[in-house]
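Tertiary structure, described
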Amino acid sequence: MNDAFNTTRTEIIFNEYKPSDERRREALLALGNGVLSMRASAPELSASRLSQGDDQHYPGFYRAGWYDDAPRRVNGTRIAMTALVNLPDPFGLTFALDDDLWFNLASVKLQRYRQVLSLDRGTLRRDMTFMMGPTREVRLSETRLVSMADPDLCVLRWEVYVPDGGCIRVRSTLNAGVRNAGVKRDAAYEGRRLQTIGFHSEADGGAAVLASLHDRSREVAVAAHTRLSMPAGPWQQAVMGDCLCLEATCDLPEGRTLIIEKYVTVRVEGEIPRHEDSGVTLSIMLDQLRRRSDFDSVLQRHAAHWHRLWGRMAMQMTEHHLALPLRLHRFHVLQALSPNSLGQDMGWPARGWQEGYFGQIFWDEIFAMPFLATHFPELAHTVVNYRYARLDMARALARRSGYRGAMFPWRSGRTGGEETPPYQCNPLSHHWVPDHTCLQRHVGSAIAYDVWQLYLATGDRSLLSHNGGELILEIARFWASMVRFNPERGRYVIEGVIGPDEYHNAYPNTDVPGLDNNAYTNVMASWVLALALELLDLLPDEEADALQQRLGVTPLERVDWDRISRTLYVPVQGDGVISQFEGFDRLESPPPKFRQDGRPRLDWMLEAQGDKTDNYQLTKQADVLMLLYLFPPRELERLLARLGYIEHLAEIRRTADYYLARITHESSLSKVVCAGALARLDAERSWDYFRQSLRTDLDAPSDSGIQEGIHLGAMAGSLDVLQRHYLGIVPSVACLQVMPAPPAALDNVSLDIEYKGVRLSVALKDRILSLSSDPRNSHDACIEYWDNRFSLKPGQVIHLTCR
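What you see is a predicted model, and the numbers here were worked out from it, not measured in a lab.

**Quick look at the overall build of the protein**
The helix and strand tally for the protein stands at 21 helices and 34 strands. Computed over its C-alpha atoms, the radius of gyration of the protein comes to 27 Å, within 12% of the 28 Å expected for a compact globule of 803 residues. C-alpha extents for the protein along the principal axes are approximately 85 × 65 × 55 Å. In the protein, which comprises 803 residues, the share counted as buried stands at 63%. For the protein, the accessible area works out to roughly 28,400 Å², and carbon and sulfur atoms hold 47% of it. In the protein, 89 positive and 102 negative side-chain charges are present, and the distance between their average locations comes to 1 Å.

Structure below.
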């Protein structure tokens, strides 16, 4: 481990300033509250340079789900595509001693540096000692937070100590001239997204800006109030382009500390106070902000809210190398989606609320839903509601493609339309490469899976009879309309799609995108069709009839769904290995360089050489193995039996080995999927993948993709592997199934869950799994341990031996 980096059980600590690693740290240490998100960029850089950073730093400030779709010209084509908006930067702050230069780390002699992310309290702190000039020592302590108690509030606090005191000039900036520039290869799609409407400043350090997107009806207002603990003259204002700069001077007595606090609030659209004069609007926001300027109170309330959240996702383990990453992962999950998100229209961002993947929504909630549903079911409903709000758009997308039902897009944003960029820039060749991954139709199956996981965990029947049921049935209707009957096989086929492995977009020597009979896609389509029928059988007749009548589902459709779900084709190679897609086994063997450490991303490298990953038997991430990740062995056995492929379940180990020899793991999701998929096939190998997955972002190189945003799906997936695969906690319709499969190295671990309103604690020690029911529970919990069922009463504890 790098000497500059260490951890405690609840802290991530950097003991050295390393400019080349700053962009990665800014993403890793970003703060959020489910509404606002702030990268951990140094405030003095924004203020001293009056710019938006450089190659080593990138200030980023975001409102969850607040997207822009201004058109851009990319590769000669006019494209309107959703992107999360980088908001005006309100955190610029610096100071100067007497008439010296403004402080920034590049211009001082640094003697001590320490940066600490406190996971328990949700705060980020920097402590520095440095020399300004040849003789002036300065100690600076910085604390920042994005309030979990106040969804629209952020605070930055500096404590500046100069032993011999003196005159201090303070500069505070509010920069509205920001650009979306966090991902260099996406520059053609990004750039300036905000137009400044007007600034407003006040003599006590208040500053605010009103800006709009290209759609002038969509506005954002950002207000910042800077306070000094020492008397100072009126703040002097200067507008430099699109940056409002405030400066004040105060005398710091010898031995005293100057405290500088900056309070920031953000409002969008209907939240903004309305007045015909924008200056009055911004003045109202500043008045409201002043009344909240009490740091101790803000910090106390913020920490208290985090304390309550940790109480709802309690997890204990003795091994520090497990405890810290899993705590970091829970921390970022709750920063992206928190109780503050309730009532907001937002999905589950693959890279957190940062600019990676334009802040768009993929399928990554499939990795988060089992954890959310058993810890924060109300937040899981928010994710489902995001999809339901876009159901009509998904229906329209299906109709445009000649299908029925709902065809959800691979990449989604504000409207629910398809947001996959048509071209990607290869940073090695600088070629614009067509992006056909919008053909990943399996995203609809993931949404159905999410709804079902939420139902299983909560038993909320209204979910099935209303929003969730509509989603599942319309997705089933889509699959039934997309299949084609192949009379030679006597089976239905699905053609022209792309699976989770994005290394295969087309067959070799053809420009026609799409592949036939992706195994994961077909099995999941069968599962959705069967699920739709099961859902209707579960509901009371009156509710089932109302749902079918609302959607126009006919008895003939139900017959078709049943037939198709039993006769979808799954490609199987001659040795019994399930083929990733039809023809995968006829591709060339993997190229010899595909496992070399330190090489560029394989698809980029091959494209730059005039080659394609499409030509080879290799995968970016586990594709077929996703089936083993999602479904317990009995469920997968039932699925394959329904399809008439039950004999190939015996070959599943051979299938796993086949793909493990062909995975590049160039997706952050790959190792966490392998960990879950192998839990019952190869415990030792599963554990190795699990440990690696825990360090995906913590140990990432400085120049890695985490600069663009954390890998939120992989983080959530690690929690899912521990709970659902290793401890074997699997909600089902009738009971909570308990099927533990812990690796030998996993011991002394416990966590709490909620199942159908019952709070349970699960603890593993010496291969004994203990289940205890909270004495405050109002009813029993039905438990199924392999083939045995029993009731767990409130206050009762049972001990089960791991097989």
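**Re helix α11 (residues 467–482)**
Its 16 residues place the ends of α11 23 Å apart at the C-alpha level, agreeing with the 22 Å of an ideal helix rising 1.5 Å per residue. α11 sits mainly inside the fold: 14 of its 16 residues count as buried.

**So, the domain arrangement of the protein**
In terms of domain boundaries, the protein breaks down into domain 1 (11–295) and domain 2 (402–408 + 427–571 + 581–618). For domain 1 versus domain 2, the separation of C-alpha centres amounts to 43 Å.

**A closer look at the state of the cysteines**
Scanning all chains against the criterion turns up one disulfide. Between Cys735 and Cys782 runs a disulfide, and the two sulfur atoms are separated by 1.9 Å. Highlighted residues: Cys735 in the loop between β27 (729–731) and β28 (736–738) and Cys782 in strand β32 (residues 781–785), separated in sequence by 47 residues. Residue Cys735 is classed as buried on the basis of its relative accessible area, which comes to 0%. Note on Cys167: no disulfide assigned, nearest cysteine sulfur contributed by Cys250 at a separation of 7.4 Å. With no disulfide of its own, Cys243 has Cys245 as its nearest cysteine by sulfur position, at a separation of 6.3 Å.

**What about the sheet that holds strand β22 (residues 315–317)?**
If you walk across this open sheet you meet the five strands as β22-β29-β30-β31-β34, and the pairing is antiparallel. Lying at the two open borders of the sheet, with one neighbouring strand each, are β22 and β34 (797–801). Each strand axis lies, on average, 20° off the axis of its neighbour in the sheet, ignoring direction. Relative to β34, strand β31 (residues 768–773) runs antiparallel, the two being bridged by five bridges. From the neighbouring strand, Leu769 faces β34, where its bridge partner is Leu800.

**Notes on the pattern of salt bridges**
If you walk through the whole model with that rule in mind, you get 61 salt bridges. Arg39 is the salt-bridge partner of Glu26, the closest N and O atoms lying 2.9 Å from each other. Residue Glu26 is found in helix α1 (residues 22–28), and its partner Arg39 is found in the loop between β4 (36–38) and α2 (43–49); the two are separated by 13 residues along the sequence. Take Glu26: its relative accessible area is 0%, and that puts it in the buried class. Among the ionic pairs, Asp392 bridges to Arg395, the shortest N-O distance being 2.7 Å. Of this pair, Asp392 and Arg395 are both found in helix α8 (residues 391–400), three residues apart, which corresponds to roughly one turn of the helix. Asp392 gets classed as exposed once you look at its relative accessible area, which sits at 54%. Exposure remark for Arg395: the relative accessible area of 17% places this residue in the buried category. Several salt bridges converge on common partners, so that one network encompasses Asp392, Arg395, Arg404, Glu470, Glu474, Arg477, Arg550 and Glu557.

**Section: the packing of aromatic side chains**
Taken as a whole and judged by the stated rule, the model has 31 aromatic pairs. Pairing Phe61 with Phe91 gives two aromatic rings, centres 5.0 Å apart and planes at 75°, and the pair type is edge-to-face. Here Phe91 lies in strand β10 (residues 89–97) and Phe61 lies in strand β5 (residues 61–63), a separation of 30 residues in the sequence. By relative accessible area, Phe91 is classed as buried at 7%. Taken together, a centroid distance of 6.3 Å and an interplanar angle of 75° make the contact between Trp363 and Tyr520 edge-to-face. Of this pair, Trp363 sits in the loop between α5 (320–336) and α6 (365–375) while Tyr520 sits in helix α12 (residues 519–538), and the two are 157 residues apart along the sequence. For Tyr520, a relative accessible area of 0% gives the class buried. Members of the aromatic cluster, each reached through a chain of ring pairs, are Tyr357, Phe362, Trp363, Phe367, Trp410, Tyr520 and Tyr629.

**Digging into the UniProt feature "binding site: substrate" (unreviewed entry) in the protein**
Sequence positions flagged by UniProt for "binding site: substrate" (unreviewed entry) are, in local numbering, Trp363, Asp364, Lys620 and Gln621. For Lys620, a relative accessible area of 9% gives the class buried. With residues up to four places along the chain from it excluded, the contact list for Lys620 reads Asp501, Glu502, Tyr503, Ile663, Thr664, His665, Glu666, Ser667 and Ser670. One polar contact links Lys620 to Glu502, side chain to side chain, over a distance of 3.4 Å. With respect to the element layout, Gln621 can be found in the loop between α15 (602–608) and α16 (626–630).

**Structural notes on helix α13 (residues 541–551)**
Taken as a whole, α13 has its buried residues at Ala544, Leu547, Gln548 and Leu551. Down the axis, α13 shows its buried residues gathered within 95° of arc, on one side only. More than 90 degrees from the buried face of α13, the exposed residues found are Glu542 and Gln549. One or two residues past the end of α13 sits Gly552, with phi positive at roughly 75°.

**Quick look at the UniProt feature "active site" (unreviewed entry) in the protein**
Following the UniProt record, the feature "active site" (unreviewed entry) maps to Glu502 here. You can see Glu502 is positioned in the loop between β26 (491–493) and α12. Only 2.8 Å separates the side chain of Glu502 from the side chain of Gln440, close enough to count as a polar contact.

**Structural notes on the packing of α6 against helix α7 (residues 377–388)**
Contact pair α6 / α7: the axes reach a minimum separation of 6 Å and the direction vectors enclose 140°. Put simply, α6 runs oblique to α7. Contacts between α6 and α7 involve Glu365, Met369, Leu372, Ala373 and His375 from the first element and Pro377, Ala380, Val383, Val384 and Arg387 from the second. Classifying every residue of the contact of α6 with α7 by side-chain character gives seven nonpolar, one polar and two charged.

**A short note on the pairing of β10**
Every regular strand shows the same layout, with side chains that alternate between the two sheet faces. Burial analysis of β10 places nine of its nine residues in the buried class, which makes it a mostly covered element. Sheet topology places β10 next to strand β15 (residues 166–175); seven bridges connect them, and they run antiparallel. The partner of Leu93 across the bridge, within β15, is Ser172.

**Regarding the packing of α7 against α11**
α11 packs onto α7 with a crossing angle of 55° between their chain directions and a minimal axis gap of 10 Å. Classified by the angle their axes make, α7 and α11 are oblique. Two packed elements cross with a definite hand, and for α7 against α11 that hand is left-handed. Here α7 contributes Val384, Asn385, Arg387 and Tyr388 to the contact with α11, which in turn contributes Asn467, Glu470 and Leu471. Looking at the contact of α7 with α11 residue by residue, the classes come out as three nonpolar, two polar and two charged.

**Digging into the side chain of Asn175**
Within the fold, Asn175 resides in strand β15. On the basis of relative accessibility, which here comes to 8%, the residue Asn175 falls in the buried class.

**Structural notes on the sheet that holds β4**
Strand order in the open sheet formed by three strands is β3-β4-β5, and the pairing between neighbours is antiparallel. The open sheet has two edge strands with one neighbour each: β3 (31–32) and β5.

**Notes on unusual backbone geometry**
One non-glycine residue, Asn75, lies in the positive phi region at around 50°. Mapped onto the elements of the fold, Asn75 is located in the loop between β7 (71–74) and β8 (77–80). Given a relative accessible area of 39%, Asn75 falls into the partly exposed group. Within the chain, Tyr357 stands out as a residue other than glycine whose phi angle is a positive 55°. Judged by relative accessible area, which is 32%, Tyr357 ranks as partly exposed.

Here is what the cut-offs are and how they apply
In this convention, every chain numbers its residues from 1, walking through the sequence in written order. Only residues with pLDDT of at least 70 are given local features in this predicted model, and only at 80 or more are side-chain atom pairs given and counted; all residues enter the totals for whole chains, interfaces and linings. Side-chain measures were taken over the full set of non-hydrogen atoms in the model, leaving aside hydrogen atoms and water. Per the convention used, a helix needs a DSSP run of H or I reaching at least four residues, while a strand needs a run of E reaching at least two, with both numbered from the N terminus. Atoms counted for the radius of gyration: C-alpha only. Globule rule: 2.2 Å times residue count to the power 0.38. Three labels apply to residues, based on accessible area from a 1.4 Å probe with only protein chains included: buried if under 20% of the type maximum, exposed if over 50%, partly exposed otherwise in between. Here the accessible surface of atoms and residues is derived via Shrake-Rupley with a 1.4 Å probe, and residues count as covered only by protein chains that are part of the display. Neither His nor the chain ends is counted toward charge; the positive residues are Lys and Arg and the negative residues Asp and Glu. In this description, the location of a charge corresponds to atom NZ of lysine, CZ of arginine, CG of aspartate or CD of glutamate. Helices are assigned an expected span. That span is 1.5 Å times one less than the residue count. Boundaries between domains were set according to an automatic or database domain assignment. By disulfide we mean two sulfur atoms from cysteines, separated by a distance within 2.5 Å. Here, a strand pair is defined by DSSP locating no fewer than two bridges between the strands. Between N-to-C directions, angles span 0 to 180 degrees; the directions come from axes that are lines fitted to C-alpha atoms, helices contributing only their stretch in contact. Each reported salt bridge corresponds to a side-chain nitrogen of Lys or Arg within 4 Å of a carboxyl oxygen of Asp or Glu. For Phe, Tyr and Trp, rings pair up if their centres lie within 6.5 Å, where Trp contributes its six-membered ring, and each pair is then called stacked (planes under 30 degrees apart), edge-to-face (over 60) or tilted (otherwise). UniProt positions are given in the numbering used here, feature names are shortened, and annotations may be inferred rather than shown by experiment. The criterion used for residue contact is that any of the two residues' heavy atoms lie within 4.5 Å. A 3.5 Å cut-off defines polar contacts: any pair of N or O atoms within that distance qualifies, except that in protein one atom must be a possible hydrogen donor and the other a possible acceptor, and neighbouring residues in sequence count only when both atoms are side-chain atoms. Here the arc refers to the set of directions running from the helix axis out to each C-beta atom. Throughout this description, any angle smaller than 35 degrees is read as roughly parallel, any larger than 145 degrees as roughly antiparallel, any in the 65 to 115 degree range as roughly perpendicular, and the remainder as oblique. In this count, Pro and Cys sit with the nonpolar residues alongside Ala, Val, Leu, Ile, Met, Phe, Trp and Tyr, while Asp, Glu, Lys and Arg are called charged and the others, Gly among them, polar. The hand of a helix crossing depends on one turn: near helix anticlockwise from the far one by less than a right angle means left-handed, and clockwise means right-handed.

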